[in-house]
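Examining the three-dimensional arrangement
Spelled out, the chains give:
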Amino acid sequence: MTDNTDPRASAPVVTLDGPSGSGKGTVGQVLAARLGWYFLDSGALYRLVGLLAHETAVRLDDGPQLARLAQEMHVDFGVNPAGTPRVVLNGVDVGDRLRTEEAGDRASRVAAVPEVRQALLEKQRAFRRPPGLVADGRDMGTTVFPDALLKVFVTASAEQRAERRYKQLKEKGFDVNLARLLEEIRERDARDAARAVSPLRPAADAQVLDTSDLSISEVVDRIEGLLHERR
Ligand SMILES: Nc1ncnc2c1ncn2[C@@H]1O[C@H](COP(=O)(O)OP(=O)(O)O)[C@@H](O)[C@H]1O
Ligand SMILES: Nc1ccn([C@H]2C[C@H](O)[C@@H](COP(=O)(O)OP(=O)(O)O)O2)c(=O)n1
């Protein structure tokens, strides 16, 4: 638990929310490294709940069982020797199993279950600590860190996002199809935006940043500029 006397509770937070493939994860990691801040990939937590449910044959709409999985899982985020992110679940490196579209689809389904969102709330807030946190997800600015110093809603056209995802998965050696990826991205956007609890939408005080025609470093520069204005 954090309270007002806890320096962790007042550490600055930058939230990056937005749809799949908009670049929030990549940009967030570069930004956190530039600032020397911590980084939270909240989507990985939902992906892990989906993975655990799949492995233990729990239905993707079984609130109490999914909440139990979310509460009991032990997660460590690290970095591989090659500099890529590493996720360790209950002591085991999950490798690329979290990054498939199937894992994204399962994550989006368990993310619509209110008990799962509730179970992950404090887990996410525990990542906040000095000197600061960059948090990536769908509801970082609206629900998890409503008092964030800077909130950015990162977006791009669905076609651009599908192409980015296509290249990314192809480089990882996955067998992918661009038209199917576009369809999956649209389906996931619709489900994430339509759910009753913490739907995907910009916070009222978020800056919307369309990255369709920007490079990764241009996006990071813009967000750093916005942050300097705030400080
Ligand atoms: N502005 C950009 N221009 C081109 N490619 C980008 C840009 N932002 C991200 N990418 C690439 O798109 C892919 C998806 O980005 P990612 O950060 O995983 O998105 P998200 O976390 O929003 O789902 C990655 O391969 C990333 O390198
Ligand atoms: N804060 C969050 C993060 C992710 N989710 C859900 C919704 C998303 O479709 C899935 C997967 O999120 P993730 O950020 O890993 O997915 P992308 O990299 O954007 O494709 O989890 C969420 O509901 N709330």
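Please read all numbers here as calculations on a predicted model, not as lab measurements.

Attention now goes to the site of ligand 1. What surrounds ligand 1 is a group of 16 residues, the closest being Gly-23, Gly-25, Thr-26, Arg-164 and Gln-168. Elements that contribute at least two residues to the shell around ligand 1 include exactly helix H1 (24–35), helix H7 (158–171) and helix H9 (216–230). Among the residues making up the shell around ligand 1, the classes are represented as three nonpolar, ten polar and three charged.

Attention now moves to the packing of helix H2 (residues 42–55) against helix H4 (residues 101–110). Direction vectors running N to C along H2 and H4 enclose 95°, while the axes themselves pass 8 Å from each other. The angle between the axes of H2 and H4 places the two elements in the roughly perpendicular class. Here H2 contributes Gly-43, Tyr-46, Arg-47, Val-49, Gly-50, Leu-51, Ala-53 and His-54 to the contact with H4, which in turn contributes Ala-103, Gly-104, Arg-106, Ala-107, Arg-109 and Val-110. Of the residues in the contact of H2 with H4, the class split is seven nonpolar, four polar and three charged.

Right, let's talk about the nonpolar core for a bit. With 26 residues, the main nonpolar core has Val-134, Ala-135 and Val-152 as its most contacted residues. Put simply, the parts of the chain that give this core at least two residues each are strand S1 (13–17), H1, strand S2 (38–41), strand S6 (133–137), helix H6 (140–144), strand S7 (150–155) and H9. The element contributing the most residues to this core is S7, with four residues. Ignoring any residue separated from it by four or fewer positions in sequence, one finds Ala-135 in contact with Val-13, Thr-15, Leu-40, Ser-42, Met-140, Val-144 and Phe-145. Counting 22 residues, the second-largest nonpolar core is a separate cluster that includes Leu-45, Leu-48, Val-49 and Ala-53.

With that out of the way, let us pick up the site of ligand 2. Around ligand 2 sit 16 residues in total, of which Ser-20, Gly-43, Ser-108, Ala-111 and Gly-137 are the nearest. Going through the elements one at a time, H2, H4 and helix H8 (178–194) are the ones with two or more residues in the shell around ligand 2. Counting residues per element, the shell around ligand 2 draws most heavily on H2, which supplies four residues.

This part takes up the UniProt feature "binding site: ATP" (unreviewed entry) in the protein. The residues that UniProt annotates with the feature "binding site: ATP" (unreviewed entry) are Gly-18, Pro-19, Ser-20, Gly-21, Ser-22, Gly-23, Lys-24, Gly-25 and Thr-26. In this view, Pro-19 contacts Thr-155, Arg-161, Asp-189 and Leu-200; residues no more than four positions away in its chain are not counted. Summarising the element assignment, Lys-24 is placed in helix H1. Residue Lys-24 is classed as buried on the basis of its C-beta count, with 30 C-beta atoms lying within 10 Å. Lys-24 has contacts with Leu-16, Gly-18, Asp-136 and Val-154, leaving out every residue within four places of it along the chain.

This part takes up H9. The terminal C-alpha atoms of H9 lie 22 Å apart, and with 15 residues this matches the ideal 21 Å at 1.5 Å per residue to within 8%. If you check which residues of H9 are buried, you get Val-219, Val-220 and Ile-223. Buried residues of H9 fall within an arc of 95° about the axis and therefore sit on the same side. Every exposed residue of H9 that faces more than 90 degrees away from the buried side is listed here: Ser-217, Glu-218, Gly-225, His-228 and Glu-229. For H9, the elements touching its buried residues are H1, S7 and strand S8 (207–210).

Taken together, the five strands give an open sheet; going across it, the order is S2-S6-S1-S7-S8, and neighbouring strands pair in parallel fashion. In this open sheet, the two strands that pair with only one neighbour each are S2 and S8. Averaged over all neighbouring strand pairs, the angle between strand axes comes to 20°, with direction disregarded. Sheet topology places S7 next to S8; four bridges connect them, and they run parallel. Bridge assignment links Thr-155 to a residue of S8, and that residue is Asp-210. H9 contacts S1, S7 and S8 of the sheet and is inclined by roughly 160° relative to S7.

Before going further, it helps to examine unusual backbone geometry. Here the bond from Pro-130 into Pro-131 is cis, since omega is 5°, no more than 30 degrees from zero. Relative to the helices and strands, Pro-131 is located in the loop between helix H5 (114–125) and S6. A positive phi angle, near 55°, is found at Ala-57, a position not held by glycine. Residue position: Ala-57 is located in the loop between H2 and helix H3 (63–72). Among the residues examined, Ala-57 registers 7 C-beta atoms within 10 Å and is labelled exposed. Here Ser-198, not a glycine, exhibits a phi torsion of approximately 45°, which is positive. Looking at where Ser-198 falls in the secondary structure, it is placed in the loop between H8 and S8.

What counts and what doesn't
- Residues numbered from 1 in each chain as written.
- Chains lettered and ligands numbered in written order.
- Predicted model: local features only at pLDDT ≥ 70, side-chain atom pairs only at ≥ 80, totals over all residues.
- Near = placed C-beta within 6 Å.
- Helix = DSSP H or I, 4+ residues; strand = E, 2+ residues; numbered from the N terminus.
- Nonpolar A, V, L, I, M, F, W, Y, C, P; charged D, E, K, R; others polar.
- Axes fitted to C-alpha atoms, helices over the stretch in contact; angles between N-to-C directions.
- Parallel < 35°, antiparallel > 145°, perpendicular 65-115°, else oblique.
- Contact = placed C-beta atoms within 7 Å.
- Core = buried A, V, L, I, M, F, W, Y, C linked by C-beta atoms within 7 Å.
- Buried ≥ 20, exposed ≤ 12 C-beta atoms within 10 Å, placed from the backbone.
- UniProt positions renumbered as here; feature names shortened; annotations may be inferred.
- Expected span 1.5 Å × (residues − 1).
- Arc of directions from axis to C-beta.
- Pairing = 2+ DSSP bridges.

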